[in-house]
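Residue-level listing of the chains:
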Number of protein chains: 6
Amino acid sequence: MRLLMINPNMTEAMTGPMARVAQDLAGDAAEIVALTAAQGFPYISSRAEAQIAGAHVLEMIADHQDSVDAVIVAAFGDPGLVAARELFNLPVVGMAEAAIMTAAMLGDRFSVVTFSPHMARWYTDCVRQTGLEARFTGVRCPKVAPDSVDNVATALRGDLIDLVGLATSADGADVVILGGAPLAGLAKEMASEVDGLLIDPIAAATAQAMSLVRLAPAYGQRVARPAAKPSKGLSPALASIIAGERA
Amino acid sequence: MRLLMINPNMTEAMTGPMARVAQDLAGDAAEIVALTAAQGFPYISSRAEAQIAGAHVLEMIADHQDSVDAVIVAAFGDPGLVAARELFNLPVVGMAEAAIMTAAMLGDRFSVVTFSPHMARWYTDCVRQTGLEARFTGVRCPKVAPDSVDNVATALRGDLIDLVGLATSADGADVVILGGAPLAGLAKEMASEVDGLLIDPIAAATAQAMSLVRLAPAYGQRVARPAAKPSKGLSPALASIIAGERA
Amino acid sequence: MRLLMINPNMTEAMTGPMARVAQDLAGDAAEIVALTAAQGFPYISSRAEAQIAGAHVLEMIADHQDSVDAVIVAAFGDPGLVAARELFNLPVVGMAEAAIMTAAMLGDRFSVVTFSPHMARWYTDCVRQTGLEARFTGVRCPKVAPDSVDNVATALRGDLIDLVGLATSADGADVVILGGAPLAGLAKEMASEVDGLLIDPIAAATAQAMSLVRLAPAYGQRVARPAAKPSKGLSPALASIIAGERA
Amino acid sequence: MRLLMINPNMTEAMTGPMARVAQDLAGDAAEIVALTAAQGFPYISSRAEAQIAGAHVLEMIADHQDSVDAVIVAAFGDPGLVAARELFNLPVVGMAEAAIMTAAMLGDRFSVVTFSPHMARWYTDCVRQTGLEARFTGVRCPKVAPDSVDNVATALRGDLIDLVGLATSADGADVVILGGAPLAGLAKEMASEVDGLLIDPIAAATAQAMSLVRLAPAYGQRVARPAAKPSKGLSPALASIIAGERA
Amino acid sequence: MRLLMINPNMTEAMTGPMARVAQDLAGDAAEIVALTAAQGFPYISSRAEAQIAGAHVLEMIADHQDSVDAVIVAAFGDPGLVAARELFNLPVVGMAEAAIMTAAMLGDRFSVVTFSPHMARWYTDCVRQTGLEARFTGVRCPKVAPDSVDNVATALRGDLIDLVGLATSADGADVVILGGAPLAGLAKEMASEVDGLLIDPIAAATAQAMSLVRLAPAYGQRVARPAAKPSKGLSPALASIIAGERA
Amino acid sequence: MRLLMINPNMTEAMTGPMARVAQDLAGDAAEIVALTAAQGFPYISSRAEAQIAGAHVLEMIADHQDSVDAVIVAAFGDPGLVAARELFNLPVVGMAEAAIMTAAMLGDRFSVVTFSPHMARWYTDCVRQTGLEARFTGVRCPKVAPDSVDNVATALRGDLIDLVGLATSADGADVVILGGAPLAGLAKEMASEVDGLLIDPIAAATAQAMSLVRLAPAYGQRVARPAAKPSKGLSPALASIIAGERA
């Protein structure tokens with residue numbers, strides 16, 4: 001199967017590591033087709049940015065859906081996920097949602113550990129969005145934001161291990177999600193140094209995308225699909241899907 | 001005061017009636033500056049459409065914020081509301097949120113009556129978004145969608161009165177929100193024919209915008225504002241705000 | 001329009017400052033008619049006191065409703081609000097509810113800062129009452145209660161600024177409600193010294209009362225109004241309303 | 001032990017039957033001291049009436065607390081319960097709360113069956129107040145209110161049996177609360193004719209009051225008790241308790 | 001009446017003290033028949049252990065139900081409670097549920113204080129199970145687990161008093177449940193040394209069992225009872241009940 | 001990888017079809033090792049039966065865990081799931097939980113359609129257990145239970161298609177879970193005849209087990225694992241795990 005991994009952030013340097021984690025997880029069972037946003041922002045970290053980037057995600061899916069079996073939205077806030085799921089006839093997986101759902105199937109309580117306080121609230125909102133807040137023990141993050149997100153995985157490695165320790169021992173989490181694209185790959189590499197089970201969101205999203213493709217849901221005439229309509233200012237592919245000219 | 005009323009739908013024919021309701025409510029106390037989306041869709045009725053239209057709303061606000069005191073997003077799903085509130089230094093009011101909050105200050109239980117089953121779920125989600133579902137008695141709407149939204153207010157008048165009756169007597173609502181831009185103005189016109197208190201979302205949004213301007217919140221250095229960053233593909237005004245070049 | 005501002009506390013010294021804040025907010029658009037409870041307690045700070053004071057509030061409204069367009073219950077716990085809303089044919093606004101609803105329209109998360117730990121739980125209950133606890137970041141207050149409530153606004157000014165700082169930076173509140181009648185007017189005066197948006201409950205209640213009057217809900221035959229019945233021990237005006245002799 | 005059963009309704013004709021059910025449940029283990037409100041309303045059926053009657057309940061408890069071991073508030077909406085529990089140094093049990101808590105200890109799901117649609121919403125609020133709505137299957141009641149509450153237990157007997165049947169078979173309730181003072185005693189008399197377990201609120205409240213007395217909670221210096229303060233317009237006994245002159 | 005008190009733990013040394021607390025509470029009004037599990041674990045402290053012990057509880061009830069009027073499951077996690085309530089025709093009370101429900105009838109907010117951090121999460125789950133988490137202020141316990149549970153009541157007495165103090169003053173609990181079988185009897189003995197009301201779960205469970213027996217629910221043909229069926233590996237008595245050969 | 005599929009029901013005739021669905025889903029990527037309970041019940045349909053069967057599940061896992069990579073509990077109520085997840089060092093997937101989590105990743109709203117009213121409440125409880133009730137549109141099932149579960153998939157085929165239609169059109173579900181082991185395989189076979197996406201719980205559980213194995217969580221020293229302890233009456237393998245003699 002082929003999985004389209006969309007990085008809604010414009011930072012190519014993030015796409016590669018995430019794609020490697022995804023391909024590593026998939027092995028021979030799936031081919032990861034990685035795509036980086038050509039518009040938007042270097043790194044999405046707000047609702048405003050997600051509103052805009054989510055619209056770009058829809059265009060990116062529309063342009064590539066015919067050649068893939070499922071889509072992975074590879075940014076923690078899942079920009080465009082709900083919209084995409086409503087619109088397209090293939091499984092669309094969000095990095096945050098997949099990580100949260102997976103965590104909830106590995107243990108009773110889960111936590112998010114990330115590299116910046118700026119994201120803490122949004123991650124909490126992501127959990128609330130899924131409905132699993134009752135099993136969520138909260139976000140642990142450094143008190144101050146790093147100057148750059150380029151090398152947080154290495155620069156903050158020790159801090160992140162300590163935060164995972166707090167999440168498990170003080171907060172009582174069984175499972176800890178390492179949140180944020182810049183931490184891709186860290187979970188596997190860190191696993192032996194912490195107690196509690198670590199989740200790599202991009203790996204979880206890849207595994208969930210593979211699950212959904214295996215289940216082969218039959219996208220026929222769906223009840224909730226919006227009525228076909230004209231539009232202005234959209235990419236041709238997205239416009240034609242919304243116009244009902246093609247699925 | 002000047003209030004920017006943005007119709008995220010491209011249908012000019014909706015903007016006029018909504019602006020009249022808004023200006024009628026405001027009287028001499030505020031001037032309504034009405035704007036119709038130049039991009040997007042004739043009528044937003046899905047999450048996918050709201051994702052895209054919400055991004056346009058941000059650009060429209062960025063282009064006009066300097067000449068107004070507050071913004072009204074005049075489409076029931078409040079496209080772009082959360083994003084706009086995070087980004088801009090003036091009050092931004094959503095038609096759905098304002099209607100729901102206002103209903104909750106007039107009575108114990110409230111309902112939404114609208115003209116099409118297609119919107120029922122989304123309205124429920126709007127209520128959930130505010131956190132007030134415990135006081136929500138549900139959506140009442142016709143079993144089938146109308147062929148056109150152009151004249152639903154007159155074509156379905158009798159049905160809507162019956163639905164309000166069910167919302168109050170069968171569902172126990174004290175207050176009924178008439179949901180959807182095409183019903184602008186109907187609440188006032190219908191008030192004497194129903195029991196229960198009717199809410200016109202655009203009137204409620206206008207009243208709430210006026211309240212927030214009166215309260216004159218001091219938008220100084222805000223904690224939750226996202227960090228300044230470059231972007232690609234945005235309108236100049238929005239890009240410069242997100243780049244932190246201006247508030 | 002004329003707005004009846006009822007102070008359910010017997011302390012005249014509180015009524016004046018609150019009325020000034022309310023009139024200042026209303027400007028020429030509304031006349032504030034202030035009333036201080038003649039029975040009850042100097043300062044309501046418990047459920048037991050609110051039970052009793054709320055009954056007095058109903059009598060005060062019954063005595064004055066014919067000469068006003070809306071009512072503001074000017075004590076943070078909103079004593080008698082739900083009861084009044086059920087009984088009277090004009091909008092009745094509560095100071096706590098109005099502050100909370102307004103905060104939720106200005107930002108994503110809100111907090112309450114007040115001057116005494118004795119009120120912390122009750123404020124939490126007020127938020128829960130509205131259904132907005134998911135957006136509530138909690139109450140911040142001094143560890144010990146002040147000896148007197150007379151001059152807390154000045155005596156604790158520095159502490160309150162620090163508490164607002166904790167509410168925004170540590171708790172992640174976008175909006176902070178300054179809770180309790182003795183803090184009337186402080187929000188406006190303090191706004192430039194804090195980040196986060198401050199809400200003055202009496203100002204918010206006044207703005208909301210004006211909104212509801214503008215919306216002119218048509219109180220006709222309402223479904224939920226209790227059946228007319230005789231009573232004993234009530235003031236004549238309240239008794240006649242409950243007896244259905246007049247609306 | 002002696003249990004003070006307060007009927008906050010002024011209808012003596014209700015007090016007798018409720019007292020008999022209570023004494024019958026208590027047998028020799030407790031003496032029921034029944035009291036009927038001298039002020040207020042013939043039958044409380046609204047929030048407004050409960051606001052006023054609840055204040056009278058506090059005075060009635062203050063006048064009699066020294067001669068009893070616990071108090072039963074014998075009206076379904078539990079007027080004054082939260083306030084009384086905060087104020088007095090003995091257990092205070094509410095008819096609604098006791099019925100709901102007892103139902104939740106007898107089965108997984110419970111329902112309320114009552115004699116009038118006017119009370120349906122309020123009963124739902126009572127359940128929400130306790131926090132047990134997730135186990136609540138709703139209220140079943142006749143479509144129209146009876147002309148009089150005097151003889152509903154006999155006049156509506158057949159209807160009530162049918163409603164209990166719907167509550168258990170259609171709604172899936174294991175336990176059914178027969179709500180409203182006028183139905184006192186009916187549960188026991190009807191038990192053999194329905195499936196599902198029936199709860200008589202006054203019997204449940206009596207049993208719970210006896211439990212709490214047996215547990216003999218040590219009311220010492222309590223954290224949450226409101227500070228002593230003067231008052232105006234209260235009965236001498238209540239005023240002296242609130243003034244802290246006596247417990 | 002006769003009450004079967006089942007200790008699902010195999011530790012005889014726990015059964016005696018719990019039975020004494022129960023008999024002391026019941027006085028002449030009920031006879032406590034105490035039973036200790038012959039299989040399972042010395043002390044249940046996990047979901048896995050409760051899964052197994054709960055099955056034993058069902059067998060123990062089946063063997064003795066004919067000679068008793070109600071059953072008390074005397075381990076804090078209430079192993080087997082929901083299952084037993086579904087299966088047997090007499091009231092079955094859980095120590096945790098009874099303590100929680102009783103606490104909620106004595107005050108507005110309640111807490112659990114216990115002797116080991118290992119149980120903290122499970123107690124939180126017990127509260128969530130009842131639906132009363134909104135009134136729950138959390139668990140207070142020592143940072144480290146004791147080496148043995150044999151004498152925690154005496155060994156940790158001082159610590160427990162401090163923890164109760166934190167639960168009431170810092171967390172705002174009105175009522176504190178002393179959680180865990182090893183603390184049986186401590187509440188009564190400690191009551192005068194703390195503020196806040198203490199609940200002894202085994203005493204509360206006994207009082208609630210007596211209440212339910214007094215209410216004499218009529219277990220007739222119940223809707224939710226599972227259909228009769230064969231089984232393998234169960235005790236004869238339990239097998240015959242599940243087979244529908246006897247109630 | 002090897003996946004242990006445990007049928008906690010004693011009915012061999014159910015195990016085969018479920019194993020075929022599981023193996024069909026897994027293809028060459030995983031080997032399904034199917035096991036049928038040797039004790040317990042022909043078909044688990046109550047909490048009491050799940051309490052007992054769940055204990056057997058723990059023994060079955062303990063006996064076979066060393067030769068497999070993950071475990072699937074193949075009965076809708078997930079008997080023993082929470083307990084097993086706490087105890088064993090490999091992923092344990094429940095059929096209900098996996099179906100629900102998968103449904104929530106395919107659409108906004110989901111429903112359960114099953115073959116008997118007896119299971120409706122329990123399925124609702126399963127959803128509540130996961131925390132996803134806000135996205136749950138309820139259970140649809142025939143009004144009466146079938147005489148036998150042997151051939152419900154064929155006997156009720158038409159009814160089930162109608163129920164799926166109601167779940168999607170009337171209830172607004174995007175995704176429908178076909179609940180209950182006897183319906184294994186039906187989703188795939190029925191997919192083209194319904195709108196809405198169908199979930200086969202055993203297929204979903206298999207896919208989720210494969211995902212979790214791919215993610216290879218590092219079960220090291222886990223925080224929440226219960227302390228080692230002796231036991232009586234357990235199978236040797238389970239006893240030795242609980243005794244901490246082996247992981």
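Residues numbered from 1 in each chain as written. Chains lettered and ligands numbered in written order. Predicted model: local features only at pLDDT ≥ 70, side-chain atom pairs only at ≥ 80, totals over all residues. Heavy atoms only, no water.

### Looking at the interface of chain B and chain D
Interfaces are often sized by the amount of accessible area the parts lose when they come together. Test applied: In what follows, a contact means two residues having at least one pair of non-hydrogen atoms within 4.5 Å. When two parts are brought into contact, each loses some accessible area as probed by a 1.4 Å sphere; the total of that loss over both is the buried area. When a carboxyl oxygen of Asp or Glu lies within 4 Å of a side-chain nitrogen of Lys or Arg, that pair is called a salt bridge. Whenever a nitrogen or oxygen atom comes within 3.5 Å of another N or O atom, the pair is scored as a polar contact, on the condition that within protein one atom can donate a hydrogen and the other can accept it, and that pairs from neighbouring residues in sequence are kept only if both atoms are in side chains. Classification used: nonpolar for Ala, Val, Leu, Ile, Met, Phe, Trp, Tyr, Cys and Pro, charged for Asp, Glu, Lys and Arg, polar for all others including Gly.
At the interface, 6 residues of chain B touch 4 residues of chain D. Across the interface of chain B and chain D, roughly 370 Å² is buried in total on both sides, 22% from carbon and sulfur atoms. The interface formed by chain B and chain D includes 3 salt bridges. Where Asp174 of chain B meets Arg121 of chain D, a salt bridge forms, and the shortest distance between an N and an O atom there is 3.0 Å. Here chain B is connected to chain D by 4 residue pairs in polar contact (both at pLDDT 80 or more). When grouped by side-chain class, the residues that make up the side of chain B that touches chain D number 2 nonpolar, 1 polar and 3 charged.

### Focus: the sheet that holds strand S1 (residues 2-9) of chain F
Strands pair in a sheet through their backbones, by hydrogen bonds, and they do so in one of two ways: parallel or antiparallel. All names here are of chain F. Let me state the cut-off plainly: For two strands to pair, DSSP has to find at least two bridges joining them. Helix numbering and strand numbering both begin at the N terminus, where a helix is a DSSP run of H or I of at least 4 residues and a strand a DSSP run of E of at least 2. A fitted line through C-alpha atoms serves as each axis, taken over the contacting stretch for helices, and the angle formed by two N-to-C directions is quoted from 0 to 180°.
The strand order across the open sheet built from 4 strands is S2-S1-S3-S4, with neighbouring strands paired in parallel fashion. Each end of this open sheet is capped by a strand with a single partner; those strands are strand S2 (31-41) and strand S4 (92-94). The average angle at which neighbouring strand axes cross in this sheet is 25°, direction not considered. Pairing of S1 with strand S3 (residues 70-73) involves 4 bridges; the strand directions are parallel. By the bridge assignment for S3, Leu4 is matched with Val71. Against the sheet, helix H1 (residues 12-26) contacts S1 and S2, and its axis sits at roughly 155° relative to S2.

### As for the interface of chain F and chain A
Each partner contributes residues to the interface: chain F has 42 residues there, and chain A has 42 residues. Where chain F abuts chain A, roughly 3500 Å² becomes buried across the two surfaces, and 65% of that area is made up of carbon and sulfur atoms. For the pair chain F and chain A, the number of links is 8 residue pairs in polar contact (both at pLDDT 80 or more). Counting residues per element, the ones that place at least two in the side of chain F that touches chain A are H1, helix H4 (95-106), helix H5 (120-130) and helix H9 (201-215) of chain F.

### Details of the relation of the copies chain B and chain D
In plain terms, the rule: When the copies are overlaid, the least-squares fit takes in C-alpha atoms only where the residue has pLDDT of at least 70 in both copies.
Between the two copies, chain B and chain D, the superposition gives an RMSD of 0.0 Å; the rotation angle is 120° and the shift along the axis is 0.0 Å. Put plainly, the chains are arranged around a three-fold axis. Across chain B, the smallest distance between a C-alpha and the rotation axis is recorded for Ala134 of chain B, namely 7.0 Å.

### Details of the environment of Thr102 of chain F
Inspection of the secondary structure assignment puts Thr102 of chain F in helix H4. Once the C-alpha coordinates of Thr102 of chain F and Gln129 of chain F are considered, the two residues, 27 residues apart in sequence, prove to be 15 Å apart. Look past the residues within four positions of Thr102 of chain F in its chain and what remains in contact with it is Leu212 and Leu215 of chain A together with Ile199, Ala204 and Gln208 of chain F.

### Let's talk about the pairing of strand S7 (residues 175-178) of chain C
Residue and element names in this part refer to chain C. Defined as follows: Three labels apply to residues, based on accessible area from a 1.4 Å probe with only protein chains included: buried if under 20% of the type maximum, exposed if over 50%, partly exposed otherwise in between.
Burial of S7 is two-sided: the residues Val175 and Ile177 facing one way and the residues Val176 and Leu178 facing the other way are all buried. Relative to strand S8 (residues 197-199), S7 runs parallel, the two sharing 3 bridges. Bridged to Ile177 within S8 is Ile199.

### Quick word on the relation of the copies chain F and chain A
The transform that puts chain F on chain A rotates by 180° and translates by 0.0 Å along the axis, for an RMSD of 0.0 Å. Interpreted geometrically, this transformation is the action of a two-fold axis. Closest approach to the rotation axis among the C-alpha atoms of chain F is made by Gly131 of chain F, whose C-alpha sits 2.9 Å away. Interface residue correspondence from chain F to chain A reaches 100%, placing this contact among same-surface, isologous pairings.

### Some thoughts on the pattern of salt bridges
Applying the stated criterion across every chain, the model contains 78 salt bridges over all chains. Lys188 of chain C serves as the salt-bridge partner of Asp24 of chain C, at 3.0 Å between the closest nitrogen and oxygen. Placement of the pair is Asp24 of chain C in helix H1 (residues 12-26) and Lys188 of chain C in helix H8 (residues 186-190), with a sequence separation of 164 residues. Judged by relative accessible area, which is 64%, Lys188 of chain C ranks as exposed. Several salt bridges converge on common partners, so that one network encompasses Arg47, Arg121 and Asp125 of chain A together with Asp108, Arg109 and Asp174 of chain C.

### Overview of the side chain of Thr114 of chain D
Residue and element names in this part refer to chain D. Looking at the secondary structure, you find Thr114 in the loop between strand S5 (110-113) and helix H5 (120-130). Residue classification places Thr114 among the buried positions, given a relative accessible area of 0%. At 2.9 Å, the side chain of Thr114 forms a polar contact with the backbone oxygen of Gly179.

### A short note on the domain arrangement of chain A
All names here are of chain A. Stated precisely, the cut-off is as follows: Reported domain spans reflect what an automatic or database domain assignment gives.
Here chain A is described as being made up of domain 1 (2-96 + 204-242) and domain 2 (101-200). A separation of 23 Å is found between the C-alpha centroids of domain 1 and domain 2. Residue-level contacts link 17 residues of domain 1 with 20 residues of domain 2. Both faces combined, the contact of domain 1 with domain 2 buries some 1500 Å², and carbon together with sulfur accounts for 69% of it. Considering only the side of domain 1, the residues that lose the most area to domain 2 are Tyr43, Arg47 and Phe76, jointly responsible for 36% of the buried surface there. The tally of links from domain 1 across to domain 2 stands at 2 salt bridges. Counting the contacts that link domain 1 with domain 2 gives 4 residue pairs in polar contact (both at pLDDT 80 or more). For the side of domain 1 that touches domain 2, the secondary structure elements donating two or more residues are helix H1 (12-26), helix H2 (47-64), helix H4 (95-106) and helix H9 (201-215). With 4 residues, the top contributor of residues to the side of domain 1 that touches domain 2 is H1.

### Some points on the packing of aromatic side chains
Remark: the centre distance and the inter-plane angle together describe each pair of aromatic rings, the angle taken between the planes. Rule in force here: Note on aromatic pairs: the rings of Phe, Tyr and Trp (six-membered ring only in Trp) are paired at centre separations within 6.5 Å, and the planes decide the class, stacked below 30 degrees, edge-to-face beyond 60, tilted for the rest.
In total, this model carries 12 aromatic pairs over all chains according to the counting rule given. Each ring, one from Phe110 of chain D and one from Phe136 of chain D, has its centre 5.6 Å from the other, and the planes form 40°; the classification is tilted. Placement of Phe110 of chain D in strand S5 and of Phe136 of chain D in strand S6 (residues 136-140) is noted, with a sequence separation of 26 residues between them. Take Phe110 of chain D and Phe136 of chain D: they sit in the same class, and that class is buried. On the basis of an interplanar angle of 45° and a centroid distance of 6.4 Å, the ring pair of Tyr43 of chain F and Phe115 of chain F is categorised as tilted. Here the residue Tyr43 of chain F occupies a position in the loop between S2 and helix H2 (47-64), and Phe115 of chain F occupies one in the loop between strand S5 (110-113) and H5, the gap between them amounting to 72 residues. In terms of burial, Tyr43 of chain F and Phe115 of chain F fall into one category: buried.

### What about the nonpolar core?
Let me state the cut-off plainly: We call a set of buried Ala, Val, Leu, Ile, Met, Phe, Trp, Tyr and Cys residues a nonpolar core when their side-chain atoms join them within 4.5 Å.
If you look at the biggest cluster of nonpolar residues, it comprises 149 residues, and the most contacted ones within it are Ile202 of chain B together with Ile202 of chain C. Other than its neighbours up to four places away in sequence, Ile202 of chain C contacts Met5, Met18, Val21, Ala22, Ile72, Ala74, Met95 and Ala184 of chain C. Judged by nonpolar contacts, the second largest core, of 148 residues, contains Val164 and Val176 of chain A together with Trp122 and Tyr219 of chain F.

### Some points on the state of the cysteines
Residues and elements named next belong to chain D. Put simply, the test is: A pair of cysteine sulfur atoms is labelled a disulfide when the two atoms are within 2.5 Å.
Inspection of every chain in the model, using the stated rule, returns 0 disulfides over all chains. Counting only cysteine sulfurs, Cys141 is the nearest neighbor of Cys126, a cysteine outside any disulfide, at a range of 14 Å. On the basis of relative accessible area, Cys126 is assigned to the buried category, the value being 8%.

### Considering the side chain of Asn7 of chain C
Residues and elements named next belong to chain C. Summarising the element assignment, Asn7 is placed in strand S1 (residues 2-9). A polar contact of 2.9 Å, which involves the side chain of Asn7, links it to the backbone nitrogen of Asn9. Apart from the residues lying within four places of it in its own chain, the contact partners of Asn7 are Met14, Thr15, Met18, Leu35, Thr36, Ala37, Met60 and Ala74.

### Describing the packing of helix H4 (residues 95-106) of chain D against H5 of chain D
Residues and elements named next belong to chain D. Rule in force here: In these notes the angle categories are as follows: under 35 degrees is roughly parallel, over 145 is roughly antiparallel, 65 to 115 is roughly perpendicular, and the rest is oblique. With the far helix as reference, a near helix turned anticlockwise by less than a right angle produces a left-handed crossing, and one turned clockwise produces a right-handed crossing.
At a minimum axis separation of 10 Å, H4 and H5 run at an interaxial angle of 65°. One finds that H4 runs roughly perpendicular with respect to H5. In this structure, the crossing between H4 and H5 has a hand that is right-handed. Here Ala96, Glu97, Ile100 and Met101 of H4 lie close against H5, whose contacting residues are Cys126, Val127 and Thr130. Residues that form the contact of H4 with H5 fall into these classes: 5 nonpolar, 1 polar and 1 charged.

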